[in-house]
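# Structural characterization, general
Residue-level listing of the chains:
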Amino acid sequence: TPLPLGEIPATTDAVAHAFYPAGNMVMQLPDSYPDTACADLFPERGPPTWSPWRLLIVTIVQTVEGLTARQAADAVGPPAH
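Figured I'd write up the structure that's included with this text. (Residues numbered from 1 in each chain as written. Predicted model: local features only at pLDDT ≥ 70, side-chain atom pairs only at ≥ 80, totals over all residues. Heavy atoms only, no water.)

### Re the environment of Pro48
The condition is simple: Runs of H or I in DSSP of at least four residues are treated as helices and runs of E of at least two as strands, each being numbered from the N terminus.
Within the element layout of this structure, Pro48 appears in the loop between helix H2 (25-32) and helix H3 (52-65). Taking the C-alpha atoms as reference points, Pro48 and Leu3, separated by 45 residues in sequence, lie 5.3 Å from one another.

Here it is, written out as structure tokens:
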């Protein structure tokens, strides 16, 4: 089961769309990789997990910023429960 995304703060949404009126690759990831397309990747038992597109963001942040895996995971924050 994927973890819910939660609501994006209005200020964050406004700033992102001010800089990228047509969106950008990162803003489009949830639509490009919907949870339903990846349903087979989610465990049937156990706690919910991150969606594949969220893990892709961690990888992008890690590469762009030259971070270790732990630093990149910490940079995007803990998974919501």
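### Here's the deal with the environment of Pro2
Quick note on the threshold: By definition in these notes, contact holds between two residues if any of their heavy atoms fall within 4.5 Å.
Among the secondary structure elements, Pro2 is positioned in the segment before helix H1 (10-19). Each C-alpha atom of the pair Pro2 and Leu55 lies 12 Å from the other, and the pair is 53 residues apart in sequence. Those residues within four positions of Pro2 in sequence are excluded, and the remaining contacts are Asp35, Phe42, Pro48, Thr49 and Ser51.

### Remarks on a nonpolar patch on the surface
Applicable threshold: Patch members must show over 30% relative accessible area and no salt bridge, and they are joined within 9 Å when carrying like charges or within 5 Å when they are nonpolar side chains of Val, Leu, Ile, Met, Phe, Trp or Tyr. Residue exposure ignores everything except the shown protein chains as possible cover, and the areas themselves are Shrake-Rupley values with a 1.4 Å probe. Only one rule defines a salt bridge in this text: a Lys or Arg side-chain nitrogen within 4 Å of an Asp or Glu carboxyl oxygen. For each residue, the accessible area found with a 1.4 Å probe, counting protein chains only, is set against the maximum for its type, and the residue is called buried under 20%, exposed over 50%, and partly exposed in between.
A cluster of nonpolar residues, Val15, Phe19 and Tyr20, forms a patch on the protein surface that exposes about 340 Å² of accessible area. Note that Tyr20 resides in the loop between H1 and H2. Classification of Tyr20 as partly exposed rests on a relative accessible area of 43%.

### Here's the deal with the environment of Ser51
Mapped onto the elements, Ser51 comes out in the loop between H2 and H3. For Ser51, a relative accessible area of 2% translates into the label buried.

### Some details on the packing of H2 against H3
The geometry of a pair of packed helices is captured by two quantities: the angle between their axes and the separation between those axes. Selection criterion: Lines fitted to the C-alpha atoms define the axes, with helices restricted to the stretch that makes contact. Angles between their N-to-C directions range from 0 to 180 degrees. Every angle not falling under 35 degrees, over 145, or within 65 to 115 is termed oblique; those three ranges are roughly parallel, roughly antiparallel and roughly perpendicular. For any helix crossing, the convention is left-handed if the near helix is rotated counterclockwise from the far helix by under a right angle, and right-handed if that rotation is clockwise. Residue type decides the class: Asp, Glu, Lys and Arg count as charged, Ala, Val, Leu, Ile, Met, Phe, Trp, Tyr, Cys and Pro as nonpolar, and the leftover types, Gly among them, as polar.
Relative to each other, H2 and H3 sit at 155°, their axes nearing to 9 Å. Judged by the angle between their axes, H2 and H3 are roughly antiparallel. Handedness of the H2/H3 crossing: right-handed. Each of Met25, Val26, Leu29 and Pro30 in H2 lies in contact with H3, whose residues at this interface are Trp53, Leu56, Ile57 and Ile60. Considered class by class, the residues forming the contact of H2 with H3 number eight nonpolar, no polar and no charged.

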